[in-house]
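Secondary and tertiary structure notes
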Protein chains: 2
Amino acid sequence: MQGTGSDDERLDKAFLALADPVRRSLVARLSRSSATVNELAAPFQVSKQAISKHIQVLEKAGLITRSRDGQRRPCHLAPAALEELTSWIDGYRLAAEARFRALDRVLAATKSADHPEHE
Amino acid sequence: MQGTGSDDERLDKAFLALADPVRRSLVARLSRSSATVNELAAPFQVSKQAISKHIQVLEKAGLITRSRDGQRRPCHLAPAALEELTSWIDGYRLAAEARFRALDRVLAATKSADHPEHE
DNA sequence: TAAATGGTCAACCAACTGGTTGATAAAATA
DNA sequence: TATTTTATCAACCAGTTGGTTGACCATTTA
């Protein structure tokens, strides 16, 4: 349900893409509206080439798509790719939380056996 | 509500920690139960030292915690840290999706003005 | 056509990553 | 005490990352 490469490769690229404050800022900006490279580069101190590289990292990770508008190459956020990441994380987070809740219940049961509250 | 460092630094470390298939496997394994370094290293071909390094990356990212049990140092998943990541992603994902839905409504309205279905 | 604008390519560099091996610390066990 | 088990530290290496500058392509505009 996505571009080329194994699941692992896509997750590698996507998580790596988000492991940089500049690229996270680009994602945040693009969540408000699509934008060109120049527009995206404006708020940053680094060169336009550096932003162009960041954009390529995001694109290869599938987190953004690009279109053509004359000489401009607008960038658009790809929410489905973000959703893949939260799904991956949540699968394991929810499993761990369920396990901890089960442990809490056992501890509570043990404690109420030591110090019964009724009976 | 978390260890040292700015939000950016913590997100950097956490996303970078997940941008590696070995470390994601460790997270998956730890979502089932806590485990020691030896237990975590067993399924992999790489050296125990390499796994120890991966564990340190996860720990510095706040994704796992460690305890003492004699000479063992069991690792435990930290679901709250995972939740921080999904929250970050979902904030921007949901904003973008809402924007796209709004655009869809506009397009639908335009189309029904061109080709009115009733009246 | 000439010039300006939007964006990328290529080469280079310092810093970091993930892996290795060997030595070592620290706790359990003989 | 001597040995084994668990885990980490230190040094090193090849490959990658994020940044730079300068040249270049492609499109719009004068």
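Provided above is the structure to which this section pertains.
These remarks concern the structure in this document. Model, not experiment: these values are computed from the prediction.

1. Describing the pattern of salt bridges
Counted according to the given criterion, the structure contains 12 salt bridges over all chains. A salt bridge links D12 of chain A to R24 of chain B; the nearest nitrogen and oxygen atoms lie 2.8 Å apart. Here R24 of chain B lies in helix α2 (residues 21–32) and D12 of chain A lies in helix α1 (residues 7–18), a pairing that spans two chains. We note a salt bridge from E97 of chain A to R93 of chain A, for which the minimum N-O separation is 3.2 Å. Of this pair, E97 of chain A and R93 of chain A both sit in helix α5 (residues 79–114), 4 residues apart, roughly one helical turn.

2. Some words on the protein's contact with DNA strand D
Close contacts around DNA strand D come from 23 residues, with K53 and H54 of chain A together with S52, R66 and Q71 of chain B the closest. For DNA strand D, the fraction of atoms within 4 Å of the protein that belong to sugar or phosphate moieties is 62%. Taking Q71 of chain A, its side chain carries an N or O atom lying 3.2 Å from a base oxygen of DNA strand D. K48 of chain B is positioned such that a nitrogen or oxygen atom in its side chain is 3.3 Å from a base nitrogen of DNA strand D. Listed by contribution, the elements that provide at least two residues to the surface near DNA strand D are α4 (48–60) of chain A together with α3 (37–41) and α4 (48–60) of chain B. Among the elements that make up the surface near DNA strand D, the one with the highest residue count is α4 of chain B (5 residues).

3. Description of the relation of the copies chain A and chain B
Between the two copies of this chain, the relationship is a rotation about some axis together with a displacement along it. The transform that puts chain A on chain B rotates by 180° and translates by 0.0 Å along the axis, for an RMSD of 0.0 Å. The superposition operator between the copies reduces to a two-fold rotation axis.

4. A look at the packing of aromatic side chains
On inspection of all chains with the given rule, the structure shows 5 aromatic pairs over all chains. Taking 6.1 Å as the distance between ring centres and 70° as the angle between the ring planes, the aromatic pair formed by F15 of chain A and W88 of chain A counts as edge-to-face. Placement of the pair is F15 of chain A in helix α1 and W88 of chain A in helix α5, with a sequence separation of 73 residues. Here F15 of chain A falls in the buried class, since its relative accessible area comes to 0%. With centroids separated by 6.3 Å and ring planes inclined at 25°, the aromatic side chains of F15 of chain A and F15 of chain B adopt a geometry described as stacked. Residue F15 of chain A is found in helix α1, and its partner F15 of chain B is found in helix α1 (residues 7–18); the two belong to separate chains. Every member of this aromatic cluster is reached through a ring pair, and the members are F15, W88 and Y92 of chain A together with F15, W88 and Y92 of chain B.

5. Overview of the protein's contact with DNA strand C
Taken together, 23 residues sit near DNA strand C, with S52, R66 and Q71 of chain A together with K53 and H54 of chain B positioned nearest. Interatomic distance of 2.6 Å between a side-chain N/O atom of Q71 of chain A and a base oxygen of DNA strand C. A distance of 2.8 Å separates a phosphate oxygen of DNA strand C from a polar side-chain atom of S47 of chain B. Elements represented by at least two residues in the surface near DNA strand C include exactly α3 (37–41) and α4 of chain A together with α4 of chain B. For the surface near DNA strand C, the class distribution of residues is 4 nonpolar, 11 polar and 8 charged.

About the criteria used
Residues numbered from 1 in each chain as written. Chains lettered and ligands numbered in written order. Predicted model: local features only at pLDDT ≥ 70, side-chain atom pairs only at ≥ 80, totals over all residues. Heavy atoms only, no water. Salt bridge = Lys/Arg side-chain N within 4 Å of Asp/Glu carboxyl O. Helix = DSSP H or I, 4+ residues; strand = E, 2+ residues; numbered from the N terminus. Near = heavy atom within 4 Å. Polar contact = N/O pair within 3.5 Å; in protein donor to acceptor, adjacent residues only side chain to side chain. Least-squares fit on C-alpha atoms with pLDDT ≥ 70 in both. Phe/Tyr/Trp six-rings, centres within 6.5 Å; stacked < 30°, edge-to-face > 60°. Buried < 20%, exposed > 50% of the residue type's maximum accessible area, 1.4 Å probe, protein only. Nonpolar A, V, L, I, M, F, W, Y, C, P; charged D, E, K, R; others polar.

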